[in-house]
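Structural description and commentary
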Amino acid sequence: MNEWDATSYAGKDTILRVVREEAERLFALAEPEEAWEAPTACTGWTTRDVVAHLVDTTEGYFAAFDTARRGGDAGAAYGLTGMGARVNAQATAMRGVPQKELLDRLKADFERMQGILRELGETEWAGLTVPHFYMGPLPAYFYAAAQLMDYAVHSWDIRQGSGRAHGLPGEAADLLVPFMFVVWQSTVRQGADPAPFEVGIRVGGVNGGDFRVSVGSGGMTYAPGALDGLPAVIEFDAGSMVLTTFGRSNAGTVRGDLAVADRYLNLFFRI
């Protein structure tokens, strides 16, 4: 199972392989001339804007690793609440760049990022702290997961825009499941009701299991555990959990108190 745990160095080769597969899928989706201006699941964005966003995001990772290597001060994190508006401005600013030029730039950025991640040794994989522009200091392995989010979720966005039925590839979804709890922790709405409550999350797939989630004035915490005695349990397959967390769908099977589950599912702003 360790090869499917991207927080472990044993999972490094697995996640880098899956990231490459997802990137190649996105490149293939974006290469036809007619795809460039096609709508996607991201409101107001065409495929062109998704590619521009990935260029902007990946090049931000280069700056983050440069800062980590130099030991400089990255300053305060921008925060996730303002991320949507900023990434939209950054992506749409590239609308004048020709299709081939922007795609070639993204492919070069992808290879450079793969090289950075591939060169991380066992100690650095979890031990090197890298300042994320929006989230602040993170372990280096998180950037492999971030690349998987970038390519797997945004490939889904492009496919969704086509109107055809489709799904999220299982390997990508399985690898992302543990990181969805981190995304949830980071996207609790400001001003949310601080009254404490608990809910259970049951997830399928190789990184799935049963998790007890506690919510209160200090935010959200979670841990694996039995779900006995909880007022509600929300069941997801791996892909549905990822797409729900990122606001692409409203999914999950609720067992128990619908009001408690509804409160949990509406606790977060979506990115």
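Residues numbered from 1 in each chain as written. Predicted model: local features only at pLDDT ≥ 70, side-chain atom pairs only at ≥ 80, totals over all residues. Heavy atoms only, no water.

**Focus: the overall build of the protein**
Counting its secondary structure elements, the protein contains nine helices and seven strands. Rg of the C-alpha trace for the protein: 19 Å, near the compact-globule value of 18 Å for 271 residues, within the 12% margin. Each of the 271 residues in the protein was classed as buried or not, and the buried ones make up 48%. When contacts within the protein are restricted to residue pairs at least 6 apart in sequence, those whose partners lie at least 24 apart make up 70%. Averaging the positions of the 23 positive and the 34 negative side-chain charges in the protein gives two centres separated by 2 Å. (Helix = DSSP H or I, 4+ residues; strand = E, 2+ residues; numbered from the N terminus. Rg over C-alpha atoms; globule rule 2.2 N^0.38 Å. Buried < 20%, exposed > 50% of the residue type's maximum accessible area, 1.4 Å probe, protein only. Contact = heavy atoms within 4.5 Å. Lys, Arg positive; Asp, Glu negative; His and termini not counted. Charge placed at Lys NZ, Arg CZ, Asp CG, Glu CD.)

**Here we look at the packing of aromatic side chains**
Overall, the coordinates contain 17 aromatic pairs when judged by the stated rule. With 6.0 Å between their ring centres and 80° between their planes, Phe 27 and Phe 110 make a pair best called edge-to-face. Remark: Phe 110 occurs in helix α4 (residues 99-118) and Phe 27 occurs in helix α1 (residues 12-30); sequence separation between them is 83 residues. The exposure classification of Phe 27 matches that of Phe 110, with both residues buried. Plain terms: the ring middles of Phe 181 and Tyr 222 are 4.6 Å apart, the flat faces sit at 20° to each other, and that makes the pair stacked. Within this pair, whereas Phe 181 is found in helix α7 (residues 170-186), its partner Tyr 222 is found in strand β5 (residues 219-224), the two being separated by 41 residues in sequence. Taking the relative accessible area as the measure of exposure, Tyr 222 reaches 30% and is therefore partly exposed. Members of the aromatic cluster, each reached through a chain of ring pairs, are Phe 181, Trp 184, Phe 211, Tyr 222, Phe 236, Tyr 264 and Phe 268. Here the guanidinium or amino end of Arg 86 rests over the ring plane of Tyr 78, the centre of that ring lying 5.7 Å away. Positioned above the aromatic ring of Phe 62 is the side chain of Arg 112, whose terminal nitrogen or guanidinium carbon lies 3.9 Å from the ring centre. (Phe/Tyr/Trp six-rings, centres within 6.5 Å; stacked < 30°, edge-to-face > 60°. Lys NZ or Arg CZ within 6 Å of the ring centre and 35° of its normal.)

**Quick word on helix α9 (residues 258-265)**
Taken residue by residue, α9 has Val 260, Ala 261 and Tyr 264 as its buried positions. Projected onto a plane normal to the axis of α9, the buried residues spread over an arc of 95° and lie on a single side. Among the exposed residues of α9, those oriented more than 90 degrees off its buried face are Leu 258 and Ala 259. Buried positions along α9 lie against α7, β3 (197-203), β4 (209-216), β5, β6 (232-236) and β7 (253-256). Here α9 starts with a cap whose side-chain oxygen sits 2.9 Å from the backbone nitrogen of Ala 259, and that cap is Asp 257. (Arc of directions from axis to C-beta. Polar contact = N/O pair within 3.5 Å; in protein donor to acceptor, adjacent residues only side chain to side chain.)

**Looking at the pairing of β3**
Across the seven residues that make up β3, a large majority, five, are buried. Where β3 lies against β4, seven bridges are found, and the strand directions are antiparallel. Considered in β4, the bridge of Val 199 is made with Val 213. The hairpin turn running from β3 into β4, its antiparallel successor, is five residues long, and Gly 205 in that turn takes a positive phi close to 95°. Across four bridges, β3 lies against β6 in parallel orientation. Bridging across to β6, Gly 200 finds its partner in Val 233. (Pairing = 2+ DSSP bridges.)

**So, the UniProt feature "domain: Mycothiol-dependent maleylpyruvate isomerase metal-binding" (unreviewed entry) in the protein**
Listed under "domain: Mycothiol-dependent maleylpyruvate isomerase metal-binding" (unreviewed entry) in the UniProt record, and renumbered for this structure, are residues 20-159. With 64% helix and 6% strand, residues 20-159 has its two end C-alpha atoms placed 18 Å apart. (UniProt positions renumbered as here; feature names shortened; annotations may be inferred.)

**Describing the nonpolar core**
Inside soluble globular proteins, nonpolar side chains tend to come together where they are buried. Membership of the largest hydrophobic core comes to 89 residues, with the highest contact counts inside it found for Ile 15, Phe 65, Ile 201 and Tyr 264. Among the elements that take part in this core, helix α6 (residues 141-161) stands out by supplying 13 residues, more than any other. Both of domain 1 (9-167) and domain 2 (190-266) provide at least three residues apiece to this core. The contacts of Ile 201, once residues within four sequence positions are left out, are Phe 181, Trp 184, Gly 209, Asp 210, Phe 211, Val 213, Leu 227, Ile 234, Phe 236 and Tyr 264. (Core = buried A, V, L, I, M, F, W, Y, C linked by side-chain atoms within 4.5 Å. Domains from an automatic or database assignment.)

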